[in-house]
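# Examination of the molecular architecture
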Amino acid sequence: MNRTEQGIAAYLGEDRLAFLQTVSVGIAGAGGLGSNCAVHLVRSGFKRFVLVDFDKVEPSNLNRQAYTAQQVGEYKVEALAANMLAINPDLDLESCIGRVTGEDMAELFAECDVVVEAFDDPEAKKALVETMLPKGVLVVAASGMGGTGNSDAMITRKVRDNFYLIGDGVTECTDENPPLSPRVGIAAAKQADVVLSHFLNQYDVEGGK
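One structure accompanies this document, and this report is about it. (Residues numbered from 1 in each chain as written. Predicted model: local features only at pLDDT ≥ 70, side-chain atom pairs only at ≥ 80, totals over all residues. Heavy atoms only, no water.)

Secondary structure assignment for the protein yields seven helices and seven strands. Reading the protein from its N end, one meets helices and strands in the order α-α-β-α-β-α-β-α-β-α-β-β-β-α. Compactness check: the protein gives a C-alpha radius of gyration of 16 Å against a globular reference of 17 Å for 209 residues, within 12% of the reference. In the protein, 67% of the contacts between residues at least 6 apart in sequence involve partners at least 24 apart. Only carbon and sulfur atoms are counted for the fraction: they give 48% of the accessible area of the protein, which is about 10100 Å². Mean positive and mean negative side-chain charge positions of the protein (18 and 30 charges, respectively) differ by 4 Å. (Helix = DSSP H or I, 4+ residues; strand = E, 2+ residues; numbered from the N terminus. Rg over C-alpha atoms; globule rule 2.2 N^0.38 Å. Contact = heavy atoms within 4.5 Å. Areas by Shrake-Rupley, 256 points an atom, 1.4 Å probe, with all protein chains shown as cover. Lys, Arg positive; Asp, Glu negative; His and termini not counted. Charge placed at Lys NZ, Arg CZ, Asp CG, Glu CD.)

Here's what the structure looks like:
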């Protein structure tokens, strides 16, 4: 184990960490949700990731996304990969730059045990859920995180055994309720918490096998 993994193992234990490192995580969208959730998951011990996004880092992203000013102009998946590797240099990362359809998603995330839905486009969100849920993959999506205040309204809903939805379900990001760091960050952290909790529970139920 490297130094980062030794530090994480001090809290989780070596066996639990080793189990989490076998889990493959898809990050569908590397914006405010995806970039922050991915960083949380790296710090939680996950090691295998598939990163998907078509966009580049813009100055307007820096108010809530896990990038630096020096990364403006870079493709998000490449910048995110660099930031994740700065935390744990031994990650197993696969990156895809481009827009994806439902058919593409099935192929890109075919080996993933969980997919974090972090797209901005409602149609892409719908396509991801409809594509991945029937495959039995854990899907953790988000809806309703715009503006400020009333952060306690942002809850975790278990829609079905392999589908969780995070957010207040009402406050979409608009000009009146823009995407801002605190509430977007809360949603991303809750997504990461669902993923971590799910697989730690799986480890406990299976007795570490």
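Scanning the model with the defined rule gives two aromatic pairs in all. Judged by centre distance (5.5 Å) and plane angle (50°), the rings of phenylalanine 19 and tyrosine 203 are tilted. Residue phenylalanine 19 is found in helix H2 (residues 14-20), and its partner tyrosine 203 is found in helix H7 (residues 181-205); the two are separated by 184 residues along the sequence. Both residues of the pair, phenylalanine 19 and tyrosine 203, count as buried. Where phenylalanine 46 meets phenylalanine 199, the ring centres are 6.3 Å apart and the plane angle is 75°; that geometry is what we call edge-to-face. A residue pair is termed long-range when its members are at least 10 positions apart, and phenylalanine 46 in the loop between helix H3 (32-44) and strand S2 (48-53) and phenylalanine 199 in helix H7 qualify at 153 residues. The two residues phenylalanine 46 and phenylalanine 199 agree in class, both being buried. We note lysine 56 situated over the ring of tyrosine 75; from NZ or CZ to the ring centre the distance is 4.9 Å. (Phe/Tyr/Trp six-rings, centres within 6.5 Å; stacked < 30°, edge-to-face > 60°. Buried < 20%, exposed > 50% of the residue type's maximum accessible area, 1.4 Å probe, protein only. Lys NZ or Arg CZ within 6 Å of the ring centre and 35° of its normal.)

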